[in-house]
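Here is how the chains run, residue by residue.
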Amino acid sequence: MAKVPVQFTLNGAEKAEFIDSGTTLLNALRDKIGDTSPKGGCHQGTCGACSVIIDGELRLSCLTLAETCNGAAITTTSGLSEGGVLHPLQRAFLDAFATQCGFCTSGMIMAAKVLLDHTPNPSRDEVVEALSGNICRCTGYEPIIQAVLTAARSNSQNAA
Amino acid sequence: MELRKSYFADQRKDDLHEIGQPRPRSDSPGHVTGKTAYFADRNFPGMLHLKMVRSPHHHARIRSIDTSEAEKHPGVVKVLTAKDVPHNVYTILILIQIGPEDETVLADGKVRWKGEAVVAVLAETERAAQEAAARVKVDYEVLPAVFDMEEALKPGAPIVNEYHGRNYYLYDSGECRKVRFGDVEAGFAGADHVLEQTYQSSPIEHAPTETTGCIVAPEGNDRFTCYTNTQAMFFTLDNASIILQMPGNKLHFVGGTVGGGFGGKVDVIVEPIAILGAKLTGRPVSFIYSREEEMQISSPRAAEKVVIKDGVMKDGRIVARKVTGYTDAGAYSRHSPYGAQKGAGHYPGPYTIPNVWIDTYCVYTNRTPSSAMRGFGVTIGDFALEVQMDKLARLIGMDPLEFRFINAYRDGDMKAHRQPTEGAALIECMQEASRTANWPVAEKFMAMSSYAKGA
Ligand code: FES
Ligand code: FES
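What counts and how
Residues numbered from 1 in each chain as written. Chains lettered and ligands numbered in written order. Predicted model: local features only at pLDDT ≥ 70, side-chain atom pairs only at ≥ 80, totals over all residues. Heavy atoms only, no water. Helix = DSSP H or I, 4+ residues; strand = E, 2+ residues; numbered from the N terminus. Buried < 20%, exposed > 50% of the residue type's maximum accessible area, 1.4 Å probe, protein only. Contact = heavy atoms within 4.5 Å. Areas by Shrake-Rupley, 256 points an atom, 1.4 Å probe, with all protein chains shown as cover. Lys, Arg positive; Asp, Glu negative; His and termini not counted. Charge placed at Lys NZ, Arg CZ, Asp CG, Glu CD. Domains from an automatic or database assignment. Buried area = accessible area lost by both parts, 1.4 Å probe. Salt bridge = Lys/Arg side-chain N within 4 Å of Asp/Glu carboxyl O. Nonpolar A, V, L, I, M, F, W, Y, C, P; charged D, E, K, R; others polar. Phe/Tyr/Trp six-rings, centres within 6.5 Å; stacked < 30°, edge-to-face > 60°. Lys NZ or Arg CZ within 6 Å of the ring centre and 35° of its normal. Polar contact = N/O pair within 3.5 Å; in protein donor to acceptor, adjacent residues only side chain to side chain. Core = buried A, V, L, I, M, F, W, Y, C linked by side-chain atoms within 4.5 Å. Disulfide = S-S within 2.5 Å. Pairing = 2+ DSSP bridges. UniProt positions renumbered as here; feature names shortened; annotations may be inferred.

**Here's the deal with the overall build of chain B**
For chain B, the helix and strand inventory stands at 13 helices and 17 strands. Viewed in the frame of its principal axes, chain B has a C-alpha envelope of about 80 × 60 × 35 Å. A buried classification covers 54% of the 455 residues belonging to chain B. Within chain B, contacts between residues at least 6 apart in sequence are counted, and of these 78% link residues at least 24 apart. Only carbon and sulfur atoms are counted for the fraction: they give 52% of the accessible area of chain B, which is about 19,700 Å². One finds the centroid of the 52 positive side-chain charges in chain B at a distance of 1 Å from the centroid of its 57 negative side-chain charges.

The structure is reproduced here in structure tokens:
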């Protein structure tokens, strides 16, 4: 099958690959580029485990064709910590027991990051709404909601 | 959380320094940074993808299987049928001598539930495997199916599983697990009230966020590494060893990181066939359930039916309990004979009842095989028992919590299955619940202890 070139930045680094046309961004990231932080829980847009950020917007990488991402800036959970220091959301998920099996976690963190990037001090309802596309079967959601609210508070303290 | 030191003061050590302290989970840093390696996070050059051809019928004879079109499909490397599996008929609990072997890895001559694996297709890409699977032709003769446990137990019902020859599991105690304690009929005769109720549940799917699967890599020395999300590592290794007729030292299982299991990943389903594929092709093999397979194919919690008959006195004592429990195993045993057996021991609940009669049946139907899920064998039973307890309390006009205090088991009480009660803490738990839920009970119940009767 003829290959298609794709080129984008992933967590700030230039990436270029030849892929089969029709390859999802999820499979391109995981199988070609080797970033396995986005997870495939359904491959049909229903669980949110594959969530990534493309040019500032939350996207389901299982429903995004890799070839449509040429020139894009892509962020995944594996790129959030800097120099070994956890991002406030990562810290908050860790401290608040917001992760059990962890399979939903990187998608949750992506959804939460887009929320906080746009709405630094969200209400609880806004957090619930922002996470509504992400399924977690283990934690029961409440610790996750609390972690996002905690991260928002620590962000605003740092900014102050 | 407050630790009440007055409970079991003579058994307490006050140098406990972990309880009540938050401790970070050792796996969380990996989870929040996306570094935790789940089985599917491995990728091997030349990896093949396995897709299953599944039965569209609940019960059918297989007249013929034609894989020729699938084999010709571009990208297909291998097509496996029952004859390729060294020991095709197995049962997972054979490791603890619970037979007979009653399930096929790939269907041989018959399918017994809708979704049963018939042919495995291995191809260069997932898509090629999927397309080729659709080209396998299976000629079925549809047979009458049975979906209801009571129907299945009637004489003349279609036989679901010939390896059993009857639609129930034959225990060494006969057609069901039995508990006999005291004289239940005398208990009913002397009771102020008798209440019989029936409780039923449907199958429940665990729906883990990560679907069931494994990746197998040949090590080049006739050994195979299997990266898996099984919840039962050695159990799976041993069963794979039986199915593949391969010594266990040829199999290297890597796992322990599970993206949600809840009991749904203790069956031995994906690993043996993926290892076989890797052995016969010499290539790494990935076999991962689609979301649809996870929901439709993986074992659910069994459907159950529980009939409870209780004799109760006006003063609150339960004097007799008779329970008939039915566990719907679906078409194959898997863990269900064990689940039904657990129910037999459990149905008196945490209560001391002098006259008990329990029968629990493990029934075969043409439904998806059921298996383990969080407290299987007792969870649905607990639902039924506690609803029954509320109904009994209402019947005699008693507070439901006080009713439970009266019947709660305490140290030294003999349980119906002849295990003396030890280390009971139900009284104390209910005292805490009474305080926490602000559901007051009479002072005499708050003064009770699990240690001694008559306090
Ligand atoms: S894998 Fe993309 S939404 Fe589930
Ligand atoms: S922690 Fe398991 S799915 Fe969310």
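Still more to cover.
**Topic: the environment of Arg153 of chain A**
All names here are of chain A. Structurally, the position occupied by Arg153 is in helix α5 (residues 142–159). Taking relative accessible area as the criterion, Arg153 reaches 46% and is therefore assigned partly exposed. Placed 65 residues apart in sequence, Arg153 and Pro88 show a C-alpha to C-alpha distance of 9.6 Å.

**Quick look at the domain arrangement of chain B**
All names here are of chain B. Segmentation of chain B into domains returns domain 1 (42–143 + 207–296) and domain 2 (177–204 + 300–446). Inter-centroid distance (C-alpha atoms) of domain 1 to domain 2 is 39 Å. Taken together, the contacts link 19 residues of domain 1 with 15 residues of domain 2. Here domain 1 packs against domain 2, burying approximately 1,500 Å² in sum over the two surfaces, 56% of which is carbon and sulfur. Taken together, domain 1 and domain 2 are joined by two salt bridges. The partner of Arg334 in a salt bridge is Glu103, with the nearest N and O atoms 2.6 Å apart. A per-class count over the side of domain 1 that touches domain 2 returns seven nonpolar, seven polar and five charged.

**Notes on the packing of aromatic side chains**
Residue and element names in this part refer to chain B. Throughout the structure, instances matching the rule amount to nine aromatic pairs over all chains. Each ring, one from Tyr169 and one from Tyr171, has its centre 4.9 Å from the other, and the planes form 75°; the classification is edge-to-face. A single burial state applies to Tyr169 and to Tyr171, both of which are buried. Over the aromatic face of Trp357 sits the side chain of Arg180, whose NZ or CZ is 3.5 Å from the ring centroid. Across the ring face of Phe188, the terminal group of Lys309 is positioned such that the distance to the ring centre comes to 4.5 Å.

**What to know about helix α12 (residues 426–436) of chain B**
Of all the residues in α12 of chain B, the buried ones are Leu426, Ile427, Glu428, Met430, Gln431 and Ser434 of chain B. Following α12 of chain B by one or two positions, Asn438 of chain B has its phi on the positive side, about 55°.

**Re the pattern of salt bridges**
Where side chains of opposite charge bring their charged atoms close, a pairing between them can arise. For the structure shown, the criterion picks out 32 salt bridges over all chains. Asp41 of chain B is the partner of Lys39 of chain A in a salt bridge, and the nearest nitrogen-oxygen pair spans 2.6 Å. On the criterion of chain membership, the pair formed by Lys39 of chain A in the loop between α1 (25–33) and β3 (51–54) and Asp41 of chain B in the loop between α1 (28–33) and β1 (48–54) is interchain, its members lying in two chains. Accessibility classification places Lys39 of chain A together with Asp41 of chain B in one group, the buried group. The closest approach of N and O atoms between Asp27 of chain B and Arg25 of chain B, which form a salt bridge, is 3.0 Å. The exposure class assigned to Asp27 of chain B is partly exposed, which follows from its relative accessible area of 30%.

**Let's talk about the interface of chain B and chain A**
Taken residue by residue, the interface counts 25 residues in chain B and 25 residues in chain A. Between chain B and chain A lies a buried interface of about 2,100 Å² when both sides are counted; carbon and sulfur atoms form 55% of it. Sorting the residues of chain B by area buried against chain A places Arg25, Val32 and Thr209 of chain B first, and these three jointly supply 30% of that buried surface. Counting across the interface, chain B meets chain A through two salt bridges. Note that Arg30 of chain A and Asp41 of chain B form a salt bridge whose closest N and O atoms lie 2.8 Å from each other. Viewed at the interface, chain A and chain B are joined by 14 residue pairs in polar contact (both at pLDDT 80 or more). Among the elements that take part in the side of chain B that touches chain A, α1 of chain B stands out by supplying five residues, more than any other. Partitioned by chemical class, the residues of the side of chain B that touches chain A number eight nonpolar, eleven polar and six charged.

**Quick word on the nonpolar core**
All names here are of chain B. Counting residues in hydrophobic clusters, the biggest one holds 59 residues, and the most contacted among them are Leu106, Ile273 and Ile275. Built from parts of two domains, this core gets at least three residues from each of domain 1 (42–143 + 207–296) and domain 2 (177–204 + 300–446). Those residues within four positions of Ile273 in sequence are excluded, and the remaining contacts are Leu50, Met52, Leu80, Val85, Val105, Leu106, Ala120 and Phe287. Counting 33 residues, the second largest nonpolar core, distinct from the first, contains Val356, Phe403, Ile427 and Met448.

**Here's the deal with the state of the cysteines**
Applying the stated criterion across every chain yields a total of zero disulfides over all chains. Cys214 of chain B takes part in no disulfide bond, and the closest cysteine sulfur, belonging to Cys226 of chain B, lies 4.3 Å away.

**Overview of the sheet that holds strand β6 (residues 110–111) of chain B**
Residue and element names in this part refer to chain B. One open sheet accounts for three strands, arranged β6-β2-β8; its pairing is antiparallel. Lying at the two open borders of the sheet, with one neighbouring strand each, are β6 and β8 (137–142). Here strand β2 (residues 60–66) pairs with β6 via two bridges, running antiparallel. From the neighbouring strand, Ala60 faces β6, where its bridge partner is Val111.

**Quick word on the side chain of Ser286 of chain B**
Within the secondary structure, Ser286 of chain B is located in strand β14 (residues 285–288). Here Ser286 of chain B is in contact with Met47, Leu48, His49, Leu50, Cys214 and Ile215 of chain B, once residues within four sequence places are set aside.

**A word on the environment of Ser61 of chain A**
Residues and elements named next belong to chain A. For Ser61, the position within the fold is in the loop between β4 (57–60) and β5 (73–75). Here the alpha-carbon distance between Ser61 and Glu126, two residues 65 residues apart in the chain, equals 23 Å. Contacts of Ser61, omitting those with residues within four sequence positions, involve Thr24, Leu25, Leu26, Pro38, Cys50 and Val52. Within the structure, Ser61 has its side chain in polar contact with the backbone oxygen of Cys50 (distance 2.7 Å).

**Observations concerning the UniProt feature "domain: Aldehyde oxidase/xanthine dehydrogenase a/b hammerhead" (unreviewed entry) in chain B**
Mapped onto the present numbering, the UniProt feature "domain: Aldehyde oxidase/xanthine dehydrogenase a/b hammerhead" (unreviewed entry) falls on residues 33–144 of chain B. For residues 33–144 of chain B, helix accounts for 12% and strand for 34%, while the C-alpha atoms at its two ends are 53 Å apart.

**Considering the domain arrangement of chain A**
Residue and element names in this part refer to chain A. Domain boundaries assigned for chain A yield domain 1 (3–78) and domain 2 (88–159). A straight line from the C-alpha centre of domain 1 to that of domain 2 covers 22 Å. The partner domain 2 presents 13 residues to the 18 residues of domain 1 that form the contact. Considering only the surface of domain 1 that becomes buried against domain 2, Ile53, Leu58 and Thr77 emerge as the three largest contributors, covering 40% of it. Remark: the boundary between domain 1 and domain 2 carries zero salt bridges. For the pair domain 1 and domain 2, the number of links is four residue pairs in polar contact (both at pLDDT 80 or more). Contributing elements (two or more residues each) for the side of domain 1 that touches domain 2: β3 and β4. The dominant element in the side of domain 1 that touches domain 2, judged by the number of residues it contributes, is β3, at three residues.

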